[in-house]
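Structure assessment
Read off the chains here:
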Amino acid sequence: MIGSGFSGRVLAIFIKEFAQMRRDRFTFALMLGVPILQLVLFGYAINTNPKHLPTAVYAAESTPIVRSLLKGLENSDYFDLVEQGNDPRQGQHLLARGDVAFVVTIPPGFTADLIAARRPQLLVEADATDPSVAANALGQADAIFASALRHDLKGPLAGLRPGQQPFELVVHRKFNPEGITQYNIVPGLLGVILTLTLVMITGIAMTREAERGTMENLLAMPARPFEVMVGKIAPYLVVGAVQTLVILIAARFLFAVPFAGNMALLMLGLVIFVIANLAVGFTFSTIAATQMQAMQMTVFFFLPSILLSGFMFPFRGMPGWAQVIGEVLPLTHFLRVVRGVMLKGVSIGDIVYPLLAMTLFTTVVCTIAMLRYRRTLD
Amino acid sequence: MSEFAIDVKGLTKAFGDKLAVNGVDLAMPRGQVWGFLGPNGSGKTTTIRMICGLLRPTAGSGSCLGFDILTEADKIKLRAGYMTQKFSFWTDLTIRENLEFVARLYQLGDLAGTVDTTLDELGLASRQHQLAGNLSGGWKQRLALAAVTMHEPELLLLDEPTAGVDPQARRDFWDEIHRITSERGVTALVSTHYMDEAERCDHIVYLANGELVTQGTARDIVARSGLVTFRAEGKGVRALSAELEGRPGIEHIAYFGSALHVSGTQRVLIESAVTQAAAPDVEWQEVRPTLEDAFIAMTHEAGVDERQHA
Ligand SMILES: Nc1ncnc2c1ncn2[C@@H]1O[C@H](COP(=O)(O)OP(=O)(O)O)[C@@H](O)[C@H]1O
Ligand SMILES: [Mg+2]
């Protein structure tokens, strides 16, 4: 039975909770901030039908027909020509690094064969590590090329128009020919899991000391900020290593994800990435006043990490500003490393840039942590 | 080497627009044990924290163990032992792990040996693998004292080390403080609310509202207060206190057990008040004012009672 004092006591608790909520500004800000962040990210940044994908073109000749093809490609919404040359080997590197999503190769004699109705081949190689990136664009490729040639196939060439295409579009889905999504997701998950757990664990490193009152004792003893940071981060390197091992074993035996590349290279990337995340967490813990705030900051960091890094949605499909934010995040660079090494078998030269980017990120974040670290109780 | 363990001038700390400590000067010779007294919120903890470099003074300067408190906090930390008011060791570590942690931070040689010795001296060897959080209040304080003295500091800063500790444990704790200070020539500044502890100190510093009100030996402080104190005992005492309140010359009234102490600085006035308050079931007697009488008088003089209950 509900007693007569029921509503009064409910009111008492309601007023108390409301007063506490109002005073916890940080949580209040977060309750507004997270929905706004999600609206912006999902509403503007994320595009499941990615367009304007970077494309490299290698044309062995420069005839009006070839120029028309390239123009058609450029005018389409799907392909952006970022590289044009005549050394097709260059294209393989760009694909492996993830700098381009497609490489279009127009072989020598293409025009002559076309005019002679010998149906020359037009080669499109796609980075299929993320099958969803390539799918739409490849679906449109045939139509784009066909309409590009429509104006050229006049007069004596009009006979080539009806029915079949005058050329044969050959598509190579590289690195993941069967388009198995797990191949892309599982290595990515390695990065996502490490980001979430490591940032969260180290996020409470200092706030826990502050909340339990042990901070004063720690500060009273002779430990320098950098020593505290390294000492607090180091145990979680081991945690990260164990997590990595578990995920890699699962990737191999549960999901049969291929491992094309060099294990040592992956380890190098992992170590840098793990340290980057631990540093982020430690920095949060020097900024946050409570463990709760540190957790909330972790969420705030995790959301863009998972949405803008290219893990969930194609990186190249995002608008420029979102890509800029994504370039800052260590997960973005780690995904390039892990997918590059595991699926594409890249060499160190192809992942120097992401490795350096993660190192730079770590350095900046550690500097912030050291500046923020309180040497006194003020 | 500076002859003073602590030598600070004009130490001031403001939190927002509230002055927690206001212009405190201290010159504490090495080798002494000083008592640091004052009501809650009078600024004892804040002063101690500034001395060991845990808080930056808003104004003022000085040295601790010969090192500048503003710029050489790292050196002070190596040579001082600070026991916080609230137990601040790691409750989720065992007793031994806590001591080992401290020993490692101070890079003490022979880690295991040092910790074993400390545990033996503490009498906690058999419980070394218990979590520190499970210790009783008195044991926690003894553990904390052992931990902050392990690196053989030249100066001990003990912030209310006996608060919430039973009387026997308080005595044991003070015996320990005196043992450490006399054996090793260590200097100690100990904050406390207990008069019996204050009386065991070489010198007492009394703060109120962030200001240093008085200092000296217990005897000096009582003498300087210029108080005349009468003590009333007997059945009728309770009725008396309301009656005496506010009479001219009676500056403060306080219970000591079941007896009432009535004090003032003007003998004539207080004597006449006491004579008027004579009652058959009350026995009056002039007594030597105690340290507590003197402090109560000073707290009243300091004006508004701004005590905080932390
Ligand atoms: N970190 C702080 N922020 C704001 N006010 C503080 C802080 N620390 C202490 N105070 C205030 O400063 C005054 C002195 O406190 P404290 O030094 O702890 O006194 P005591 O140790 O003598 O009880 C009190 O009014 C207290 O509320
Ligand atoms: Mg205090």
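The sections below set out a description of the structure shown in this document. All residue numbers refer to position in the chain's written sequence, counted from 1. Whichever chain is written first is A, and whichever ligand is written first is 1; the rest continue in order. Restriction of local features to residues with pLDDT of at least 70 applies here, the model being predicted, together with a cutoff of 80 or more for giving and counting side-chain atom pairs; totals for whole chains, interfaces and linings are based on all residues. Here the side-chain values reflect all heavy atoms present in the structure, with hydrogen atoms and water set aside.

A few words on the overall build of chain A. We count a stretch as a helix when DSSP gives it H or I for four or more residues in a row; a strand needs E for two or more, and each element gets its number in order from the N terminus. Broken down by element type, chain A carries 15 helices and five strands. Computed over its C-alpha atoms, the radius of gyration of chain A comes to 27 Å, more than 25% above the 21 Å expected for a compact globule of 378 residues. Principal axes of the C-alpha set define a box for chain A whose edges measure 90 × 55 × 40 Å. Across the 378 residues that make up chain A, the buried fraction comes to 49%. The contact criterion used is simple: two residues touch if any of their non-hydrogen atoms lie within 4.5 Å. The long-range fraction of contacts in chain A, counting pairs at least 24 apart against all pairs at least 6 apart in sequence, stands at 80%. Within chain A, one finds 29 positive and 24 negative side-chain charges whose respective centroids are separated by 6 Å. C-alpha atoms define the radius of gyration in this analysis, and the globule rule sets the expected value at 2.2 Å times the number of residues to the power 0.38. Buried residues are those whose accessible area, probed at 1.4 Å on protein chains only, stays under 20% of the maximum for their type, while exposed residues exceed 50% and partly exposed ones sit between those limits. We score Asp and Glu as negative and Lys and Arg as positive, and we do not count His or the chain ends. Every charge is mapped to an atom, namely NZ of Lys, CZ of Arg, CG of Asp or CD of Glu.

Turning to the nonpolar core, a few remarks are in order. Buried Ala, Val, Leu, Ile, Met, Phe, Trp, Tyr and Cys residues form a nonpolar core when they are joined through side-chain atoms within 4.5 Å. Counting 134 residues, the largest nonpolar core has Ile6(B), Leu157(B) and Leu189(B) as its most contacted members. Residues in contact with Ile6(B), not counting those within four places in the same chain, are Leu26(B), Ala27(B), Met28(B), Ile51(B), Ser63(B), Leu155(B), Leu157(B) and Leu189(B). Of all hydrophobic cores here, the second largest spans 30 residues; its members include Leu53(A), Val66(A), Phe110(A) and Ile144(A).

For the rest of this paragraph, the subject is the sheet that holds strand E5 (residues 67–68) of chain B. All names here are of chain B. Strand order in this open sheet of four strands is E2-E1-E4-E5, and the pairing throughout is antiparallel. The open sheet is flanked by strand E2 (18–29) and E5, the only strands paired with a single partner. Bridge count between strand E1 (residues 4–15) and E2: eight bridges; the pairing is antiparallel. Each bridged residue has a counterpart across the sheet, and for Asp7 the counterpart in E2 is Ala27. Inter-axis angles, ranging from 0 to 180 degrees, are taken between N-to-C directions of lines fitted to C-alpha atoms, where helices are fitted over the stretch in contact. Taken strand by strand, helix H1 (residues 44–51) contacts E1, E2 and strand E4 (59–64), and its axis lies near 120° from that of E1. When DSSP finds two or more bridges between a pair of strands, those strands are recorded as paired.

Residue and element names in this part refer to chain A. Looking at the secondary structure, you find Gly191 in helix H7 (residues 181–203). In this structure Gly191 comes out as buried when scored by relative accessible area, which is 0%. When the C-alpha atoms of Gly191 and Pro304 are compared, they prove to be 13 Å apart, with 113 residues separating the residues in sequence.

This part is about the site of ligand 1. Residues and elements named next belong to chain B. One heavy atom within 4 Å of a molecule or strand makes the whole residue count as near it. Around ligand 1 sit 12 residues in total, of which Lys18, Gly41, Lys44, Thr45 and Thr46 are the nearest. Polar contacts, as used here, are pairs of N or O atoms within 3.5 Å; protein pairs need one atom able to donate a hydrogen and one able to accept it. Residues neighboring in sequence count only if both atoms are side-chain atoms. Within the backbone of Gly43, an N or O atom sits 3.0 Å from an oxygen atom of ligand 1. Within the side chain of Thr46, a nitrogen or oxygen atom sits 2.5 Å from an oxygen atom of ligand 1. All accessibility values rest on the Shrake-Rupley procedure with a 1.4 Å probe; residue burial counts only the protein chains present in the view. Starting from 550 Å² of accessible surface for ligand 1 in isolation, the protein chains cover 71%. Those elements giving two or more residues to the shell around ligand 1 turn out to be E2 and H1. At three residues, H1 tops the list of elements feeding residues into the shell around ligand 1. Under the scheme applied, nonpolar residues are Ala, Val, Leu, Ile, Met, Phe, Trp, Tyr, Cys and Pro; charged residues are Asp, Glu, Lys and Arg; polar residues are all the others, including Gly. Grouping the amino acids of the shell around ligand 1 by side-chain chemistry returns three nonpolar, seven polar and two charged.

Now for the coordination of the magnesium ion (ligand 2). Residue and element names in this part refer to chain B. Only N, O and S atoms count as donors, using a 2.8 Å cut-off from the metal and 3.2 Å for Na, K and Ca, and because water is excluded some sites may appear unfinished. Bound to the magnesium ion (ligand 2) are the protein donor atoms Thr45 (OG1) and Gln85 (OE1), situated 2.0 to 2.1 Å from the metal. One end of the pair, Thr45, is in helix H1; the other, Gln85, is in the loop between strand E6 (80–83) and helix H3 (95–105), and 40 residues separate them in sequence. Judged by its relative accessible area of 32%, Gln85 falls in the partly exposed class.

On to empty space enclosed by the protein. Residues and elements named next belong to chain A. We place a 1 Å grid over just the protein atoms. Points where a 1.4 Å probe fits but has no way out form a cavity, open points with protein on both sides within 12 Å along at least 5 of 7 lines form a pocket, and any residue with an atom within 4 Å of a point lines it. Grid points are joined across faces, edges and corners, and a volume is the space filled by probe spheres set on the points. This structure, assessed with the given rule, holds five cavities of 30 Å³ or more. Size it by volume and the largest cavity reaches roughly 370 Å³. Gly98, Asp127, Thr129, Phe315 and Arg339 are the residues nearest the centre of the largest cavity, which is lined by 21 residues in total. Secondary structure elements with two or more residues in the lining of the largest cavity: helix H4 (88–97) and helix H14 (330–344). Here the lining of the largest cavity takes six residues from H14, the largest share from any one element. Here the residues of the lining of the largest cavity sort into seven nonpolar, seven polar and seven charged. Among the domains, domain 1 (53–174) and domain 2 (181–372) are the pair contributing at least three residues each to the lining of the largest cavity. For the purposes of this description, domain bounds are those given by an automatic or database domain assignment.

Okay, the interface of chain B and chain A next. Across the contact, 20 residues belong to chain B and 16 residues belong to chain A. The quantity reported as buried area is the accessible area (1.4 Å probe) lost by two parts once they are put together, taken as the sum for both. Around 1700 Å² of area is buried between chain B and chain A when both sides are counted, 55% of it from carbon and sulfur atoms. Its salt-bridge partner being Arg212(A), residue Asp92(B) comes within 2.7 Å of it at the nearest N-O pair. Here chain B is connected to chain A by nine residue pairs in polar contact (both at pLDDT 80 or more). One side-chain nitrogen of Lys or Arg within 4 Å of one carboxyl oxygen of Asp or Glu is enough to make a salt bridge.

Residue and element names in this part refer to chain B. With respect to the element layout, Ser272 can be found in helix H10 (residues 267–276). Sequence spacing of Ser272 and Glu183 is 89 residues, and the spatial spacing of their C-alpha atoms is 52 Å. At 3.1 Å, the side chain of Ser272 forms a polar contact with the backbone oxygen of Leu269.

On to the packing of H14(A) against helix H15 (residues 352–372) of chain A, then. Between two packed helices, both the angle of their axes relative to each other and the distance between the axes serve to describe the pair. Residues and elements named next belong to chain A. Where H14 meets H15, the closest approach of the two axes is 9 Å, and the angle between their N-to-C directions is 155°. The orientation of H14 relative to H15 falls into the category roughly antiparallel. In this structure, H14 meets H15 at a crossing whose hand is left-handed. For the pair H14 and H15, the contacting residues are Pro330, His333, Phe334, Arg336 and Val337 in the first and Tyr353, Pro354, Leu355, Ala357, Met358 and Phe361 in the second. Each angle receives one of four descriptions, namely roughly parallel if under 35 degrees, roughly antiparallel if over 145, roughly perpendicular if within 65 to 115, and oblique otherwise. Crossing handedness is read from the near helix: turned anticlockwise from the far helix by less than a right angle, it gives a left-handed crossing, and turned clockwise, a right-handed one.

So, about the layout of surface pockets. Volume-wise, the largest pocket comes out at about 980 Å³. Lining the largest pocket are 34 residues, with Leu218(A), Ala223(A), Val228(A), Phe101(B) and Leu105(B) positioned closest to its centre. For the lining of the largest pocket, the elements supplying multiple residues, two or more each, are helix H8 (205–212), helix H9 (215–220) and helix H10 (225–253) of chain A together with helix H2 (73–79) and H3 of chain B.

Quick look at the sheet that holds strand E10 (residues 211–216) of chain B now. Hydrogen bonding along the main chain pairs the strands of a sheet, whether they run parallel or antiparallel. Residues and elements named next belong to chain B. Reading across from one edge, E6-E7-E8-E3-E9-E10 is the order of the six strands in this open sheet, with mixed pairing throughout. Here the strands that pair on one side only, and so sit at the sheet edges, are E6 and E10. With strand direction ignored, the average angle separating the axes of adjacent strands in the sheet is 15°. Across the face of the sheet, H1 comes into contact with strand E3 (33–37), E6, strand E7 (155–159), strand E8 (187–191) and strand E9 (203–208) while running at roughly 155° to E7. Along the sheet, helix H5 (residues 137–149) makes contact with E6 and E7, crossing E6 at roughly 160°.

To continue, consider the packing of aromatic side chains. Remark: the centre distance and the inter-plane angle together describe each pair of aromatic rings, the angle taken between the planes. Each aromatic pair joins two rings of Phe, Tyr and Trp (for Trp, the six-membered one) with centres within 6.5 Å, and gets the label stacked for planes under 30 degrees apart, edge-to-face for over 60, and tilted for any other angle. Summed over all chains, the structure comprises 11 aromatic pairs over all chains. Measuring from ring centre to ring centre gives 5.9 Å for Phe14(A) and Phe18(A), while their planes differ by 25°; the resulting arrangement is stacked. Residue Phe14(A) and its partner Phe18(A) are located together in helix H1 (residues 6–23), separated by four residues, close to a single helical turn. Aromatic pair Trp90(B) and Phe101(B): ring centres 5.0 Å apart, planes at 80°, arrangement edge-to-face. Placement of Trp90(B) in the loop between E6 and H3 and of Phe101(B) in helix H3 is noted, with a sequence separation of 11 residues between them. Judged by its relative accessible area of 27%, Phe101(B) falls in the partly exposed class.

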